[in-house]
Amino acid sequence: MLDPSRIRAVSLDLDDTLWPVAPTIARAEAALRDWLAQHAPATAALHARPAAAQALRAQVEQDRPDLRHDLGGLRRETLRRAFLAAGDDPALAEPAFEVFYLARQRVQLYADAHAALEFLSARFALVAVSNGNADVHRTGVGRHFRAAIAAGAVGVAKPDARIFHAAAQALDVPPAAELHVGDDATLDALGAVRAGMQAVWLNRSGAPWPHGPEHAPHASVPDLTALCRLLAGVPVAAPALHGVSS
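Source: prediction; values computed, not measured.

Q: Requested: an account of the packing of aromatic side chains, with residues and values cited.
A: Under the criterion given, the structure shown has two aromatic pairs. Considering the side-chain rings of Phe97 and Tyr101, the 5.6 Å spacing of their centres and the 20° angle between planes classify their relative orientation as stacked. Of this pair, Phe97 and Tyr101 both sit in helix H5 (residues 93–104), separated by four residues, roughly a single helical turn. When its relative accessible area of 15% is taken as the criterion, Tyr101 is described as buried. With a centroid separation of 5.2 Å and an interplanar angle of 70°, the aromatic rings of Trp201 and Trp209 are classed as edge-to-face. Judged by relative accessible area, Trp209 falls into the partly exposed class, the value being 22%. Over the aromatic face of Phe119 sits the side chain of Arg123, whose NZ or CZ is 3.8 Å from the ring centroid. Cation over ring: Arg204 sits above Tyr110, and NZ or CZ is 3.8 Å from the ring centre.

Q: Which residues make up the side chain of Asp15, and what values do they have?
A: Relative to the elements of secondary structure, Asp15 occurs in the loop between strand S1 (9–12) and helix H1 (21–39). For Asp15, the side chain forms a polar contact with the side chain of Trp19, separated by 2.6 Å. At 2.5 Å, the side chain of Asp15 forms a polar contact with the side chain of Arg104. Setting aside chain neighbours within four positions, we find Asp15 in contact with Val21, Arg104, Gly132, Ala134 and Asp183.

About the cut-offs
- Residues numbered from 1 in each chain as written.
- Predicted model: local features only at pLDDT ≥ 70, side-chain atom pairs only at ≥ 80, totals over all residues.
- Heavy atoms only, no water.
- Phe/Tyr/Trp six-rings, centres within 6.5 Å; stacked < 30°, edge-to-face > 60°.
- Helix = DSSP H or I, 4+ residues; strand = E, 2+ residues; numbered from the N terminus.
- Buried < 20%, exposed > 50% of the residue type's maximum accessible area, 1.4 Å probe, protein only.
- Lys NZ or Arg CZ within 6 Å of the ring centre and 35° of its normal.
- Polar contact = N/O pair within 3.5 Å; in protein donor to acceptor, adjacent residues only side chain to side chain.
- Contact = heavy atoms within 4.5 Å.

Encoded structure:
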(Lines give C-alpha, C1' and ligand atoms only; values in the text may rest on other atoms or scores of the structure.)
Protein backbone atom coordinates (compact mmCIF):
# COMPACT_ATOMS: atom_id res chain seq x y z
CA MET A 1 0.00 0.00 0.00
CA LEU A 2 1.21 3.48 -0.85
CA ASP A 3 2.76 5.46 2.00
CA PRO A 4 2.43 9.10 0.95
CA SER A 5 4.41 10.32 3.95
CA ARG A 6 7.60 8.83 2.44
CA ILE A 7 7.36 10.68 -0.87
CA ARG A 8 9.89 13.47 -1.39
CA ALA A 9 10.22 13.22 -5.17
CA VAL A 10 8.34 11.75 -8.12
CA SER A 11 9.79 10.19 -11.25
CA LEU A 12 7.59 10.01 -14.33
CA ASP A 13 7.74 7.90 -17.43
CA LEU A 14 7.01 9.86 -20.63
CA ASP A 15 5.77 7.77 -23.59
CA ASP A 16 2.28 6.38 -23.00
CA THR A 17 2.23 8.08 -19.60
CA LEU A 18 2.08 11.75 -20.57
CA TRP A 19 1.22 11.21 -24.24
CA PRO A 20 0.38 8.29 -26.55
CA VAL A 21 3.58 7.27 -28.31
CA ALA A 22 2.24 5.28 -31.29
CA PRO A 23 0.72 8.27 -33.14
CA THR A 24 3.80 10.34 -32.29
CA ILE A 25 6.13 7.81 -33.92
CA ALA A 26 3.76 7.40 -36.87
CA ARG A 27 3.88 11.14 -37.55
CA ALA A 28 7.67 11.16 -37.24
CA GLU A 29 7.99 8.21 -39.62
CA ALA A 30 5.75 10.00 -42.12
CA ALA A 31 7.91 13.13 -41.92
CA LEU A 32 11.01 11.01 -42.50
CA ARG A 33 9.44 9.25 -45.51
CA ASP A 34 8.54 12.59 -47.08
CA TRP A 35 12.08 13.88 -46.57
CA LEU A 36 13.66 10.74 -47.99
CA ALA A 37 11.39 10.83 -51.04
CA GLN A 38 12.64 14.34 -51.78
CA HIS A 39 16.34 13.97 -50.94
CA ALA A 40 17.17 10.27 -51.38
CA PRO A 41 14.60 8.38 -53.48
CA ALA A 42 16.62 5.14 -53.54
CA THR A 43 16.82 5.08 -49.76
CA ALA A 44 13.15 5.99 -49.59
CA ALA A 45 12.34 2.91 -51.66
CA LEU A 46 14.45 0.73 -49.35
CA HIS A 47 12.90 2.28 -46.25
CA ALA A 48 9.43 1.56 -47.64
CA ARG A 49 10.13 -2.19 -47.65
CA PRO A 50 9.39 -3.30 -44.05
CA ALA A 51 11.36 -6.54 -44.27
CA ALA A 52 14.48 -4.77 -45.55
CA ALA A 53 14.22 -2.01 -42.97
CA GLN A 54 13.74 -4.53 -40.15
CA ALA A 55 16.70 -6.58 -41.33
CA LEU A 56 18.93 -3.50 -41.30
CA ARG A 57 17.79 -2.61 -37.78
CA ALA A 58 18.40 -6.16 -36.57
CA GLN A 59 21.89 -6.14 -38.05
CA VAL A 60 22.72 -2.86 -36.35
CA GLU A 61 21.49 -4.21 -33.02
CA GLN A 62 23.73 -7.25 -33.48
CA ASP A 63 26.78 -5.27 -34.62
CA ARG A 64 26.45 -2.41 -32.13
CA PRO A 65 25.56 -3.71 -28.67
CA ASP A 66 26.80 -0.39 -27.32
CA LEU A 67 23.70 1.22 -28.85
CA ARG A 68 21.27 -1.27 -27.33
CA HIS A 69 19.69 1.34 -25.03
CA ASP A 70 20.22 4.34 -27.30
CA LEU A 71 17.20 4.50 -29.61
CA GLY A 72 18.46 7.65 -31.30
CA GLY A 73 21.86 6.10 -31.95
CA LEU A 74 20.25 2.94 -33.30
CA ARG A 75 18.10 4.91 -35.70
CA ARG A 76 21.03 7.07 -36.86
CA GLU A 77 23.17 4.03 -37.60
CA THR A 78 20.30 2.19 -39.28
CA LEU A 79 19.68 5.20 -41.50
CA ARG A 80 23.38 5.44 -42.35
CA ARG A 81 23.41 1.81 -43.43
CA ALA A 82 20.21 2.28 -45.42
CA PHE A 83 21.82 5.14 -47.36
CA LEU A 84 24.87 2.98 -48.02
CA ALA A 85 22.81 -0.01 -49.12
CA ALA A 86 20.78 2.17 -51.48
CA GLY A 87 23.85 3.84 -52.97
CA ASP A 88 23.09 7.26 -51.49
CA ASP A 89 25.42 9.52 -49.52
CA PRO A 90 25.60 8.19 -45.93
CA ALA A 91 26.24 11.75 -44.72
CA LEU A 92 22.52 12.32 -45.32
CA ALA A 93 21.78 10.11 -42.32
CA GLU A 94 22.28 12.99 -39.91
CA PRO A 95 19.81 15.46 -41.49
CA ALA A 96 17.40 12.57 -42.05
CA PHE A 97 17.57 11.67 -38.38
CA GLU A 98 17.01 15.29 -37.37
CA VAL A 99 13.80 15.35 -39.43
CA PHE A 100 12.56 12.28 -37.58
CA TYR A 101 13.77 13.48 -34.19
CA LEU A 102 12.16 16.90 -34.40
CA ALA A 103 8.86 15.38 -35.50
CA ARG A 104 9.12 12.83 -32.69
CA GLN A 105 9.04 15.69 -30.16
CA ARG A 106 5.70 17.00 -31.44
CA VAL A 107 3.62 15.11 -28.94
CA GLN A 108 -0.04 15.51 -28.12
CA LEU A 109 -0.43 15.18 -24.37
CA TYR A 110 -3.24 13.20 -22.82
CA ALA A 111 -6.11 15.42 -21.72
CA ASP A 112 -5.19 14.94 -18.06
CA ALA A 113 -1.45 15.55 -18.42
CA HIS A 114 -1.22 19.36 -18.25
CA ALA A 115 -3.19 19.66 -15.02
CA ALA A 116 -1.38 16.69 -13.50
CA LEU A 117 2.05 18.16 -14.24
CA GLU A 118 1.02 21.47 -12.69
CA PHE A 119 -0.26 19.67 -9.60
CA LEU A 120 2.75 17.38 -9.21
CA SER A 121 5.45 19.97 -9.89
CA ALA A 122 3.93 22.32 -7.31
CA ARG A 123 4.33 19.61 -4.66
CA PHE A 124 7.32 17.47 -5.56
CA ALA A 125 10.64 17.56 -7.33
CA LEU A 126 10.00 15.79 -10.63
CA VAL A 127 12.39 13.77 -12.79
CA ALA A 128 11.58 12.19 -16.14
CA VAL A 129 12.76 8.60 -16.59
CA SER A 130 12.47 7.19 -20.11
CA ASN A 131 13.79 4.39 -22.28
CA GLY A 132 12.94 6.52 -25.31
CA ASN A 133 14.41 9.66 -26.80
CA ALA A 134 11.77 12.27 -26.10
CA ASP A 135 13.22 15.59 -24.94
CA VAL A 136 11.09 17.18 -22.22
CA HIS A 137 12.08 20.68 -23.36
CA ARG A 138 11.20 20.08 -27.01
CA THR A 139 7.92 18.45 -26.05
CA GLY A 140 6.98 21.55 -24.10
CA VAL A 141 6.86 20.13 -20.57
CA GLY A 142 10.43 20.78 -19.44
CA ARG A 143 9.52 23.55 -17.00
CA HIS A 144 7.92 20.98 -14.72
CA PHE A 145 11.03 18.81 -14.35
CA ARG A 146 14.19 19.29 -12.36
CA ALA A 147 16.01 16.56 -14.28
CA ALA A 148 15.56 14.03 -17.07
CA ILE A 149 17.14 10.58 -17.17
CA ALA A 150 17.24 8.75 -20.50
CA ALA A 151 18.41 5.19 -21.08
CA GLY A 152 20.64 6.28 -23.96
CA ALA A 153 22.52 8.66 -21.69
CA VAL A 154 23.03 6.40 -18.68
CA GLY A 155 23.61 3.18 -20.63
CA VAL A 156 20.91 1.11 -18.94
CA ALA A 157 17.17 0.96 -19.47
CA LYS A 158 14.15 0.27 -17.31
CA PRO A 159 13.55 -2.07 -15.56
CA ASP A 160 17.23 -2.04 -14.54
CA ALA A 161 17.45 -0.63 -11.01
CA ARG A 162 20.38 1.58 -11.98
CA ILE A 163 18.29 3.94 -14.09
CA PHE A 164 15.86 4.42 -11.21
CA HIS A 165 18.74 5.02 -8.82
CA ALA A 166 20.17 7.59 -11.26
CA ALA A 167 16.86 9.42 -11.09
CA ALA A 168 16.91 9.45 -7.29
CA GLN A 169 20.50 10.64 -7.29
CA ALA A 170 19.63 13.46 -9.70
CA LEU A 171 17.13 14.76 -7.14
CA ASP A 172 19.38 13.98 -4.15
CA VAL A 173 16.89 11.67 -2.47
CA PRO A 174 17.20 8.00 -1.43
CA PRO A 175 15.28 5.55 -3.63
CA ALA A 176 12.84 4.84 -0.79
CA ALA A 177 11.78 8.51 -0.83
CA GLU A 178 10.93 8.48 -4.54
CA LEU A 179 7.62 7.52 -6.12
CA HIS A 180 7.77 6.29 -9.70
CA VAL A 181 4.75 6.55 -12.00
CA GLY A 182 4.51 4.87 -15.38
CA ASP A 183 2.28 2.91 -17.71
CA ASP A 184 4.33 -0.23 -18.22
CA ALA A 185 3.73 -2.94 -15.64
CA THR A 186 7.18 -4.47 -16.11
CA LEU A 187 9.45 -1.60 -17.09
CA ASP A 188 7.95 0.98 -14.75
CA ALA A 189 6.03 -0.55 -11.85
CA LEU A 190 7.95 -3.78 -11.33
CA GLY A 191 11.28 -2.10 -12.08
CA ALA A 192 10.67 0.66 -9.53
CA VAL A 193 9.51 -1.76 -6.83
CA ARG A 194 12.63 -3.87 -7.32
CA ALA A 195 14.75 -0.70 -7.18
CA GLY A 196 13.42 0.02 -3.69
CA MET A 197 10.95 2.73 -4.68
CA GLN A 198 7.25 3.11 -4.26
CA ALA A 199 5.43 2.67 -7.55
CA VAL A 200 2.10 3.69 -8.98
CA TRP A 201 1.02 1.83 -12.09
CA LEU A 202 -0.81 4.06 -14.55
CA ASN A 203 -3.17 1.47 -15.99
CA ARG A 204 -5.37 3.32 -18.46
CA SER A 205 -6.65 0.12 -20.08
CA GLY A 206 -7.68 -1.67 -16.88
CA ALA A 207 -5.36 -4.61 -17.58
CA PRO A 208 -4.76 -7.21 -14.85
CA TRP A 209 -1.46 -7.02 -12.97
CA PRO A 210 0.79 -9.61 -14.67
CA HIS A 211 3.48 -10.31 -12.08
CA GLY A 212 1.79 -11.72 -8.99
CA PRO A 213 0.91 -10.08 -5.67
CA GLU A 214 4.40 -10.28 -4.22
CA HIS A 215 5.61 -7.75 -6.82
CA ALA A 216 2.48 -5.60 -6.98
CA PRO A 217 2.80 -1.81 -7.21
CA HIS A 218 1.87 0.26 -4.19
CA ALA A 219 -1.15 1.63 -6.05
CA SER A 220 -2.78 1.52 -9.46
CA VAL A 221 -4.67 4.39 -11.09
CA PRO A 222 -6.69 4.62 -14.32
CA ASP A 223 -5.45 8.10 -15.24
CA LEU A 224 -3.34 11.02 -14.07
CA THR A 225 -6.31 12.77 -12.51
CA ALA A 226 -6.75 9.80 -10.19
CA LEU A 227 -3.03 9.97 -9.37
CA CYS A 228 -3.44 13.60 -8.29
CA ARG A 229 -6.42 12.68 -6.12
CA LEU A 230 -4.35 9.92 -4.54
CA LEU A 231 -1.60 12.40 -3.66
CA ALA A 232 -3.82 15.36 -2.78
CA GLY A 233 -3.25 14.96 0.94
CA VAL A 234 0.54 14.83 0.74
CA PRO A 235 2.21 17.92 2.24
CA VAL A 236 4.04 20.13 -0.23
CA ALA A 237 7.60 18.82 -0.49
CA ALA A 238 9.11 21.16 -3.08
CA PRO A 239 8.37 24.54 -4.64
CA ALA A 240 7.28 24.86 -8.24
CA LEU A 241 10.30 24.08 -10.41
CA HIS A 242 11.75 25.90 -13.36
CA GLY A 243 12.97 23.31 -15.80
CA VAL A 244 15.47 20.56 -16.32
CA SER A 245 19.09 20.80 -15.29
CA SER A 246 21.60 18.67 -17.14
